[in-house]
Amino acid sequence: MIAVQNLELRAGARLLMEEVTFRIDKGDKIGLVGRNGAGKTTMTKVLAGLTLPADGTVTRSGTIGYLPQDPKVDDMSQLARDRILSARGLDGVARKMRQAQDDMASEDPAVRAKGMRRYDRLEAEFIAGGGYAAESEAAVITSNLDLPERVLAQPLSTLSGGQRRRVELARILFSNADTMLLDEPTNHLDADSIMWLRDFLKNFSGGLMVISHDVDLMELVVNRVFYLDANRCVIDQYNMGWKNYLTQREQDEHRRKRERANAQKKANALMEQANKMRAKATKAV
């Protein structure tokens with residue numbers, strides 16, 4: 001769960017939004033939309049705790065999985081598989097098990113025996129942590145994101161940017177996070193992977209905020225829509241699905257356009273009246 005109270009965001013001196021209040025609870029699937037530069041990515045970074053807001057509070061409970069547009073990883077020597085397993089803390093044990101397996105293949109009987117004892121102990125630890133079941137679950141995710149075994153066995157440093165981003169997406173989906181914040185998750189995915197991801201997110205039971213240009217994903221997945229209005233520096237919150245949002249948004253825009261026209265008409269009338277009064281005053285003098 002994430003609770004936001006009186007949030008203010010800025011890009012340098014420029015105000016992006018102010019006095020924004022909302023919650024992301026279990027079952028909320030929020031589509032975050034708005035024109036480029038409105039502050040969508042800034043918002044998700046603040047919600048994830050990577051940057052601080054200009055004002056207001058963000059309260060987080062439970063685990064959060066955040067997929068930025070350009071993921072950064074400190075240890076690029078880490079294997080892709082281990083990066084994914086690290087979401088549940090299984091990467092260290094898996095790495096030690098591989099080392100023990102190497103020792104078990106040694107020609108030195110003492111090294112082999114030590115490797116076997118170490119492997120048995122590590123495997124017990126791995127199983128206790130749900131290791132093999134988790135590996136199977138991770139394999140389903142990676143397969144559907146077009147990450148074959150040869151890629152998973154490589155260090156992150158050898159992968160393309162698109163492959164690394166798919167590894168990060170797999171890690172977030174595998175993490176069992178209570179709340180997911182996904183910034184353009186369909187980037188670098190093929191059509192089959194996108195279709196699978198839509199179904200995965202539709203069935204996800206936690207809280208979700210997603211930025212995406214994939215209209216089909218938004219239509220299938222989201223049950224709330226937050227529109228970042230860059231002109232008014234506010235978030236318009238629509239507690240409805242995508243199709244209903246589009247209809248309601250169009251109606252709201254027409255209403256605001258009429259309100260602006262009426263306000264301008266009144267301002268012009270007042271200005272005209274003031275000009276006439278000044279003209280009369282000038283003649284009287």
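For the structure itself, consult the block above.
Quick caveat, the model's predicted, so the values are computed rather than measured.

Asks: Could you give an account of the overall build of the protein chain, naming the residues involved and the relevant values?
Replies: When its secondary structure is counted, the protein chain shows 10 helices and nine strands. Over its C-alpha trace the protein chain gives a radius of gyration of 27 Å, far above what one expects of a compact globule, namely 19 Å for 285 residues. Buried residues in the protein chain amount to 41% of all 285 residues. The long-range share in the protein chain, meaning contacts at least 24 apart out of those at least 6 apart in sequence, stands at 61%. Accessible surface for the protein chain amounts to roughly 15600 Å². Of this, 50% is attributable to carbon and sulfur atoms.

Asks: How would you sum up the packing of aromatic side chains? Please name residues and give values.
Replies: The full count for this structure, using the stated rule, is four aromatic pairs. When the centroid spacing of 5.0 Å and the interplanar angle of 70° are considered together, the rings of Phe-22 and Phe-226 count as edge-to-face. One end of the pair, Phe-22, is in strand S2 (residues 14–24); the other, Phe-226, is in strand S8 (residues 224–229), and 204 residues separate them in sequence. Phe-226 carries the same exposure label as Phe-22, and that label is buried. Ring plane angle 40° and centroid distance 5.1 Å describe the contact between Trp-242 and Tyr-245, whose orientation is recorded as tilted. Of this pair, Trp-242 and Tyr-245 both sit in helix H10 (residues 242–284), separated by three residues, roughly a single helical turn. Take Trp-242 and Tyr-245: they sit in the same class, and that class is buried. Positioned over the ring face of Tyr-227 is Arg-249, at 3.5 Å from the centre of the ring.

Asks: Describe the packing of helix H5 (residues 131–144) against helix H7 (residues 161–174), listing the residues and the values that go with them.
Replies: In a packed pair of helices, the relevant descriptors are the angle between the two axes and the axis-to-axis distance. Orientation of H5 relative to H7, taken along the N-to-C sense of each, is 135°, at an axis distance of 10 Å. Relative to H7, the element H5 is oriented oblique. As for the relative orientation of H5 and H7, their crossing is right-handed in sense. Here H5 contributes Ala-134, Glu-137, Ala-138, Ile-141 and Thr-142 to the contact with H7, which in turn contributes Ala-170, Leu-173 and Phe-174. Class assignment for the residues of the contact of H5 with H7 results in six nonpolar, one polar and one charged.

Asks: For the environment of Leu-182, give the residues involved together with the corresponding values.
Replies: Examined against the element boundaries, Leu-182 turns out to sit in strand S6 (residues 179–183). Each C-alpha atom, one on Leu-182 and one on Pro-148, is 23 Å from the other, the two residues being 34 residues apart in sequence. Excluding its chain neighbours within four sequence positions, the residues that come into contact with Leu-182 are Leu-67, Ile-172, Leu-201, Leu-208, Met-209, Val-210 and Ile-211.

Asks: I'd like to hear about the nonpolar core, residue by residue, with values.
Replies: Counting residues in each nonpolar core, the largest one holds 48 residues, and the members touching the most others are Leu-145, Leu-173, Met-180, Leu-182, Leu-197, Leu-201 and Leu-208. Ranked by the residues each element gives to this core, the list is headed by H7, at six residues. Ignoring anything within four residues of it in the chain, the contact list for Leu-173 reads Ile-141, Leu-145, Met-180, Trp-196, Leu-197, Phe-200 and Leu-201.

Asks: Provide a residue-level description of the sheet that holds strand S3 (residues 29–33), including the pertinent values.
Replies: Pairing is mixed in the open sheet, where six strands are placed in the order S5-S6-S7-S3-S8-S9. At either margin of the open sheet sits one strand with a lone partner, and together these are strand S5 (64–67) and strand S9 (234–238). Shown here is a sheet whose adjacent strand axes are inclined to one another by a mean of 15°, direction ignored. Examined bridge by bridge, S3 and strand S7 (residues 207–211) share three bridges and lie parallel to one another. Of the residues in S7, the one forming a bridge with Gly-31 is Val-210. On top of the sheet, H7 reaches S5 and S6; it is set at about 165° to S5, its chief contact.

Asks: Talk me through the side chain of Arg-166; I want residue IDs and the actual numbers.
Replies: Following the sequence through the fold, Arg-166 ends up in helix H7. Look at Arg-166 and you get buried, because its relative accessible area is 13%.

Asks: Explain the pattern of salt bridges to me, using residue names and the numbers behind them.
Replies: One pass over the structure, following the stated rule, counts 15 salt bridges. Of the charged contacts, one joins Lys-243 and Glu-219 as a salt bridge, the two residues approaching to 3.5 Å between their closest N and O atoms. Note that Lys-243 is positioned in helix H10 and Glu-219 in helix H9 (residues 215–221), a separation of 24 residues in sequence. What makes Lys-243 exposed here is its relative accessible area of 55%. The shortest N-O distance in the salt bridge between Asp-229 and Arg-249 comes to 3.6 Å.

Asks: Describe in detail H5, supporting the description with residues and values.
Replies: Taking 1.5 Å of rise per residue, the 14 residues of H5 would be expected to cover 20 Å, and the 20 Å separating its terminal C-alpha atoms lies within 8% of that figure. All of the buried residues along H5 are Gly-131, Ala-134, Ala-138, Ile-141 and Thr-142. The buried residues of H5 all sit within an arc of 95° when viewed along its axis, so they share a single face. Of the residues in H5, the exposed ones pointing more than 90 degrees away from the buried face are Ala-133 and Ser-143. Buried-residue contacts for H5 involve helix H2 (80–85), helix H4 (109–128), helix H6 (149–152), H7 and helix H8 (191–203). Directly after H5, the chain includes Asp-146, whose backbone phi takes a positive value near 60°.

Cut-off values and rules
- Residues numbered from 1 in each chain as written.
- Predicted model: local features only at pLDDT ≥ 70, side-chain atom pairs only at ≥ 80, totals over all residues.
- Heavy atoms only, no water.
- Helix = DSSP H or I, 4+ residues; strand = E, 2+ residues; numbered from the N terminus.
- Rg over C-alpha atoms; globule rule 2.2 N^0.38 Å.
- Buried < 20%, exposed > 50% of the residue type's maximum accessible area, 1.4 Å probe, protein only.
- Contact = heavy atoms within 4.5 Å.
- Areas by Shrake-Rupley, 256 points an atom, 1.4 Å probe, with all protein chains shown as cover.
- Phe/Tyr/Trp six-rings, centres within 6.5 Å; stacked < 30°, edge-to-face > 60°.
- Lys NZ or Arg CZ within 6 Å of the ring centre and 35° of its normal.
- Axes fitted to C-alpha atoms, helices over the stretch in contact; angles between N-to-C directions.
- Parallel < 35°, antiparallel > 145°, perpendicular 65-115°, else oblique.
- Left-handed = near helix turned anticlockwise from the far one by under 90°.
- Nonpolar A, V, L, I, M, F, W, Y, C, P; charged D, E, K, R; others polar.
- Core = buried A, V, L, I, M, F, W, Y, C linked by side-chain atoms within 4.5 Å.
- Pairing = 2+ DSSP bridges.
- Salt bridge = Lys/Arg side-chain N within 4 Å of Asp/Glu carboxyl O.
- Expected span 1.5 Å × (residues − 1).
- Arc of directions from axis to C-beta.

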